[in-house]
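# Observations on the model geometry
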Amino acid sequence: MLKFTPILLALLYALAMYRFSVWRTTRELDTQSTELADPRLRAMTDRLARALDLPRVRVHIYEIDPVNGLAAPDGRIFITRGFYRKFQTGEVTAEEMASVIAHELGHVALGHSRRRMIDFSGQNALRTALAMVISRFLPGVGVWIANALTTLLAARLSRGDEYEADAYAAALLTKAGIGTDPQKSLFKKLEALTNGAGGTMPAWLLSHPKTAERIAAIQKLEDRWQHRTVT
């Protein structure tokens, strides 16, 4: 029984971290956000809503400077103030902002936003358990090895989520009559847009597929859809 104690402790720790993370994230978003009221972007979200057969797609402005978009565990969609400023200055078009919103809607529809919170807790549990086990055999380096292995696993899971959300967004944007060109053009801009923007890169640029690979994946989808239309 004693040999299973580290694993049980890790699982309890994961549960506690999950509940705390959900509470902290929800509280911060509630206190630091307001609903987006920009008429130009509202026109874009209305097109997405019609494509989804929904009365409305609500988007909120998260009052932080880094350029980012996110989907909360409760399904709400957020664009940061820093990202919205890029739109206001003309560095990002309304259609490109719509592609971000469609991407985050994909995370919600595919269950990524809630699963990511669970993954975060699960990663902590795995890291703790691995560190305890490996340290028995390799004292002093067990924690380092556990961190490296867990990071590699998290990056692999994250890349898969991003490809899935990209595909969802591409289909939604196409159905809404916006198309995938804004999605691809924004990918090319993102790295430059985030330089100097609070030092934080968007989630889709951290341990995620390379821009060229993501654009190529979208192009493959378009080619497949075109082939089906022709045949």
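Everything below is about the structure shown above.
The shown structure was predicted, so the numbers you read here are calculated from the model rather than taken from an experiment. (Residues numbered from 1 in each chain as written. Predicted model: local features only at pLDDT ≥ 70, side-chain atom pairs only at ≥ 80, totals over all residues. Heavy atoms only, no water.)

As summarised here, the arrangement of the four strands in space is β1-β2-β4-β3, forming an open sheet in which the pairing is mixed. Lying at the two open borders of the sheet, with one neighbouring strand each, are β1 (33-35) and β3 (69-71). Going across the sheet, the axis of each strand differs from the next one's by a mean of 30°, ignoring polarity. (Pairing = 2+ DSSP bridges. Helix = DSSP H or I, 4+ residues; strand = E, 2+ residues; numbered from the N terminus. Axes fitted to C-alpha atoms, helices over the stretch in contact; angles between N-to-C directions.)

The next point concerns the environment of Asp 181. As for its position among the elements, Asp 181 is in helix α7 (residues 181-194). In sequence terms Asp 181 and Glu 95 are 86 residues apart; their C-alpha atoms lie 8.9 Å from each other.

Further remarks concern the packing of helix α2 (residues 39-52) against helix α4 (residues 94-109). It is at 9 Å that the axes of α2 and α4 come closest, and there the two elements cross at 45°. Our classification of the angle between α2 and α4 gives oblique. Along this stretch, α2 crosses α4, giving a crossing that reads as right-handed. Across the interface between the two elements, Leu 41, Met 44, Thr 45, Leu 48 and Leu 52 of α2 pack against Ala 94, Glu 95, Met 97, Ala 98, Ile 101, Ala 102 and Leu 105 of α4. Class assignment for the residues of the contact of α2 with α4 results in 10 nonpolar, one polar and one charged. (Parallel < 35°, antiparallel > 145°, perpendicular 65-115°, else oblique. Left-handed = near helix turned anticlockwise from the far one by under 90°. Contact = heavy atoms within 4.5 Å. Nonpolar A, V, L, I, M, F, W, Y, C, P; charged D, E, K, R; others polar.)

So far we have only geometry, and geometry alone does not tell us how the molecule works.
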